[in-house]
Amino acid sequence: MCRNADAVRGMVDHFVARGLTRIAFIGGDADRDTRGTDRREGFVAAMQANGLEATRLIAAGAPPISMRE
């Protein structure tokens, strides 16, 4: 398993366990950021595993994404 994907899965599971369902993923350009791609895939997998749609995928720009962005 990928650590980045696992981390996002854990976050989604945590949110869902607390009753949150309108969860979004904000990340960099998936074509140029392998870690971001792993996180995005983990988000989608976790949302689907929890019976939720993974439609809130927001691109934040080209990597590396800074804290300011």
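Scroll up to find the structure this text is about.
To keep things clear, this report deals only with the structure shown in the data block. This structure is a prediction, so every number in the text was calculated from the model and none was measured. (Residues numbered from 1 in each chain as written. Predicted model: local features only at pLDDT ≥ 70, side-chain atom pairs only at ≥ 80, totals over all residues. Heavy atoms only, no water.)

All right, on to the packing of aromatic side chains then. As enumerated under the stated definition, the model contains one aromatic pair in all. Between Phe25 and Phe43 the ring centres are 5.7 Å apart and the planes differ by 40°, which places this aromatic pair in the tilted class. Highlighted residues: Phe25 in strand β1 (residues 25-27) and Phe43 in helix α2 (residues 34-49), separated in sequence by 18 residues. Phe43 shares its class with Phe25; the two are buried. (Phe/Tyr/Trp six-rings, centres within 6.5 Å; stacked < 30°, edge-to-face > 60°. Helix = DSSP H or I, 4+ residues; strand = E, 2+ residues; numbered from the N terminus. Buried < 20%, exposed > 50% of the residue type's maximum accessible area, 1.4 Å probe, protein only.)

Structurally, Thr21 can be placed in the loop between α1 (3-17) and β1. On the basis of relative accessible area, Thr21 is assigned to the partly exposed category, the value being 46%. A C-alpha to C-alpha distance of 9.3 Å links Thr21 and Asn50, two positions 29 residues apart in sequence. Setting aside residues no more than four positions away along its own chain, Thr21 makes contact with Met47 and Leu52. (Contact = heavy atoms within 4.5 Å.)

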